[in-house]
Amino acid sequence: MSAKHQVLTLRNDVTELTRLVEFVDAFCDPLQFSEPDKLALHLSLEEAVTNVILHGYQTPGPHNFTVSLSLDGDERLTAVVTDDAPAYDPLARPAVDLTLPLEQREIGGLGIHLVKKMMDVAKYERREDRNILTLERKIRRTP
Amino acid sequence: MEITETKQNSVVVLALSGRLDGLTSGTLERKVTDCAAAGTNKIVFDCTKLVYVSSAGLRVFLTSAKKMKAAGGGAAFAALTPAVNEVFELSGFTGVLTVRATEAEAITALG
């Protein structure tokens, strides 16, 4: 398998975030991603994966889902999170109001807000009983 | 993530090191709850060595700031790394939280 395309299978357990961090570093470091690109990827995938782990599955028992990373010849990074939980569009949340004062600020929706800010493309599809969240970002490598 | 606690008069300084994410945010939340239970109402989060924060960590920062303010004090954030600063900016946190360049300035800001 090419280093520019990797797939990780995760269980729906929050301790799996450790494996996610290692997976992202192992993908980015040999390709010399810049720190802002790495931050965007780590943060977006933590949010997406946490959503699936904590809110995705309605039935007990371990469930597996996948995270894939690929980098094309045009320096476009694509991350795809695919799960077979009930249909749920994480991008459909209302926008966060960033102008509210401290007392009224809510934390809900902030994760997805960050994903939308850090990625050039964030799109959700329901296909063949699967939730597919696709995130794209044009990256710059460190010289 | 590691948390190192020191005290400067009535201000508790929590120096954070490493990653504040979905796995570690609970540890910080318990620490702040313990501080509040012990009567602390002023906390400075020293972020000099904090390399990463996600929305799980932001949630703890926000609830801590609200809790300290409600207790008649406040929270301040010192020495953000570039990564943490970017997340604060994108979240609109720099507008609602007290952010200073150094720990000393953050302590002063709490009065």
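Residues numbered from 1 in each chain as written. Chains lettered and ligands numbered in written order. Predicted model: local features only at pLDDT ≥ 70, side-chain atom pairs only at ≥ 80, totals over all residues.

**Examining the overall build of chain A**
- If you tally the helices and strands in chain A, you get 3 helices and 5 strands.
- Since a compact globule built from 143 residues should have a radius of gyration of about 15 Å, the 15 Å found for chain A is in line with a globular shape.
- Across its three principal directions, the C-alpha atoms of chain A cover 45 × 40 × 25 Å.
- Looking at chain A residue by residue over its 143 residues, the buried ones come to 34%.
- Residue pairs in contact within chain A that sit at least 24 positions apart in sequence constitute 68% of those at least 6 positions apart. (Helix = DSSP H or I, 4+ residues; strand = E, 2+ residues; numbered from the N terminus. Rg over C-alpha atoms; globule rule 2.2 N^0.38 Å. Buried ≥ 20, exposed ≤ 12 C-beta atoms within 10 Å, placed from the backbone. Contact = placed C-beta atoms within 7 Å.)

**A closer look at the sheet that holds strand 3 (residues 76-83) of chain A**
All names here are of chain A.
- Spatially, 5 strands are ordered 1-2-3-5-4 in an open sheet, and the strand pairing comes out antiparallel. Each edge of the open sheet is held by one strand with a lone partner, namely strand 1 (5-11) and strand 4 (121-127). Adjacent strand axes in the sheet meet at a mean angle of 15 degrees when their direction is disregarded.
- Across 6 bridges, the pairing between strand 2 (residues 64-71) and strand 3 is antiparallel. Across the sheet, Thr66 pairs through a bridge with Thr82, a residue of strand 3.
- Contacting strand 1 and strand 2, helix 1 (residues 17-28) crosses the sheet at an angle of about 175 degrees to strand 1. (Pairing = 2+ DSSP bridges. Axes fitted to C-alpha atoms, helices over the stretch in contact; angles between N-to-C directions.)

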